[in-house]
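Residue strings, one per chain:
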Amino acid sequence: MQGRRRFALKTLWLPPRSEQQEWLDAEDIPAPDLHENLQDLCWLNRYLGSHRVVWTAVQRLWCAAGAPQQWSILDVGTGAADIPDVLRRWGQQHAIRGLLVALDNHRGVLAYRQGLGETDTSVAFVQGDGLRLPFRPRTFDVVVCSTMLHHLEWHEGITLLREMATLARHGVVVNDLLRGRLHYYAARLLLPLVTRNRLTRHDGPLSVLRAYSVDEVRSMARLAGLEQAHVQTTLGYRLLLVARLSGAQQEVPDGT
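In this text the structure is predicted, and so the values were computed from the model without any measurement.

1. Considerations on the overall build of the chain
Working step 1: When helices and strands are counted, the chain shows 9 helices and 7 strands.
Working step 2: Across the 256 residues of the chain, 50% fall into the buried class.
Working step 3: Relative to all contacts within the chain whose residues are 6 or more apart in sequence, the contacts with residues 24 or more apart total 76%.

This is the structure in structure tokens:
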């Protein structure tokens, strides 16, 4: 009886994962709609905590590696590259030199960043597929992926994690949404208040329904060979995976 009640509560909280595709995954999005959507995502990442979650996890891996002054990072599925911007500022604060690469497979997304006309060359932009990363093994100290996992199907998520682990010397960080009915309704209520962009308002709630649970990502990580990965809920509505790949295989929690 108790097990049946637990199952009912879990079903009530955790809806089935949606297979509906997000509009952002299309290649023919009108540029004004896409650019406004990317600006919305930057704002949401900043004020809803993703920036802090990612740089805190990267900093902990950096400290665990002995705080080296040379440190390279790859951001897979970079979008508007706000995560690399945050990591670049963090590196400057700690006088860290190294390579920072932002990779995305969407031509329109990369064109948005190039259209900003920035002269800062500290972040290198590359068009490439996260499921077939165009780099040699162990090229980067850390490989990061923020809010991309929910765009992928189960087998693709396993491939992504395996590819990231192959390229990383010290660790892998994945930050994403957490599926849940409460999170879905919160997105439905919040987004019309903060944006008029049709992509953001459509994809935001759908992204929550396409997201994975902590248990699902743990299973995904195990199948990708990341048995040492630490997966947890953070900020109450986000999911964070951190895997330390060098030295003693120990958990590196985010501390949030």
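There is more to say, and it comes next.
2. Examining the nonpolar core
Nonpolar side chains tend toward joint burial in soluble globular proteins.
Working step 1: One finds Leu-74, Val-76, Leu-160, Leu-161 and Leu-241 to be the most contacted residues of the largest nonpolar core, which totals 34 residues.
Working step 2: If one sorts the elements of this core by residue count, helix α6 (residues 154-167) sits on top with 6 residues.
Working step 3: If we skip the residues at most four places from it in the chain, Val-76 touches Leu-103, Gly-130, Leu-133, Val-143, Val-144, Cys-145, Ser-146, Met-148 and Leu-160.
Working step 4: Among the nonpolar cores identified, the runner-up in size contains 21 residues, and Val-53, Val-58, Leu-61 and Leu-87 belong to it.

3. A short note on the packing of helix α3 (residues 50-64) against helix α4 (residues 82-93)
Working step 1: Between α3 and α4, the shortest axis-to-axis distance is 10 Å and the interhelical angle comes to 45 degrees. In terms of their interaxial angle, α3 and α4 are classed as oblique. Crossing hand, α3 versus α4: right-handed. Counted together, His-51, Val-54, Trp-55, Val-58, Gln-59 and Trp-62 of α3 and Asp-82, Ile-83, Val-86, Leu-87 and Trp-90 of α4 form the full contact between these two elements.

4. A look at the packing of aromatic side chains
Working step 1: Applying the stated criterion to the full structure yields 5 aromatic pairs.
Working step 2: For the pair Trp-62 and Trp-90, a centre-to-centre distance of 5.4 Å together with 85 degrees between the ring planes defines the contact as edge-to-face. You can see Trp-62 sitting in helix α3 and its partner Trp-90 sitting in helix α4, a full 28 residues away along the chain. This pair shows no difference in class: Trp-62 is buried, exactly as Trp-90 is.

5. Quick word on the confidence of the model for the chain
Working step 1: With 89% of its residues at a pLDDT of 70 or more, the chain shows a mean pLDDT of 90.
Working step 2: Low pLDDT (under 50) marks residues 248-256, which in the prediction has 20 contacts with non-local residues, meaning those over four places away or in another chain.

6. Examining the environment of Tyr-237
Working step 1: Here Tyr-237 lies in the loop between β6 (230-234) and β7 (238-244).
Working step 2: Residues Tyr-237 and Arg-179, 58 residues apart in the sequence, show an inter-C-alpha distance of 8.2 Å.
Working step 3: Those residues in contact with Tyr-237 that lie beyond four places of it in its chain are Leu-48, Gly-49, Leu-177, Leu-178 and His-183.

7. Description of the environment of Gly-225
Working step 1: Here Gly-225 shows up in the loop between α9 (214-223) and β6.
Working step 2: When its relative accessible area of 39% is taken as the criterion, Gly-225 is described as partly exposed.
Working step 3: C-alpha of Gly-225 to C-alpha of Leu-161: the two residues are 64 residues apart in sequence and 8.5 Å apart in space.

8. A word on a nonpolar patch on the surface
Working step 1: On the surface, Trp-43, Tyr-47, Leu-190, Leu-193 and Val-194 cluster together into a nonpolar patch covering about 530 Å² of accessible area.
Working step 2: At the level of elements, α2 (31-47) and α7 (181-194) are the ones that each hand at least two residues to the nonpolar patch.
Working step 3: It is α7 that contributes the most residues to the nonpolar patch, 3 residues altogether.
Working step 4: Tracing the sequence through the fold places Val-194 in helix α7.
Working step 5: Judged by relative accessible area, Val-194 falls into the partly exposed class, the value being 38%.

Criteria and cut-off values
- Residues numbered from 1 in each chain as written.
- Predicted model: local features only at pLDDT ≥ 70, side-chain atom pairs only at ≥ 80, totals over all residues.
- Heavy atoms only, no water.
- Helix = DSSP H or I, 4+ residues; strand = E, 2+ residues; numbered from the N terminus.
- Buried < 20%, exposed > 50% of the residue type's maximum accessible area, 1.4 Å probe, protein only.
- Contact = heavy atoms within 4.5 Å.
- Core = buried A, V, L, I, M, F, W, Y, C linked by side-chain atoms within 4.5 Å.
- Axes fitted to C-alpha atoms, helices over the stretch in contact; angles between N-to-C directions.
- Parallel < 35°, antiparallel > 145°, perpendicular 65-115°, else oblique.
- Left-handed = near helix turned anticlockwise from the far one by under 90°.
- Phe/Tyr/Trp six-rings, centres within 6.5 Å; stacked < 30°, edge-to-face > 60°.
- pLDDT = per-residue confidence, 0-100.
- Patch = residues over 30% accessible without salt bridge, like charges linked within 9 Å, V, L, I, M, F, W, Y side chains within 5 Å.
- Areas by Shrake-Rupley, 256 points an atom, 1.4 Å probe, with all protein chains shown as cover.
- Salt bridge = Lys/Arg side-chain N within 4 Å of Asp/Glu carboxyl O.

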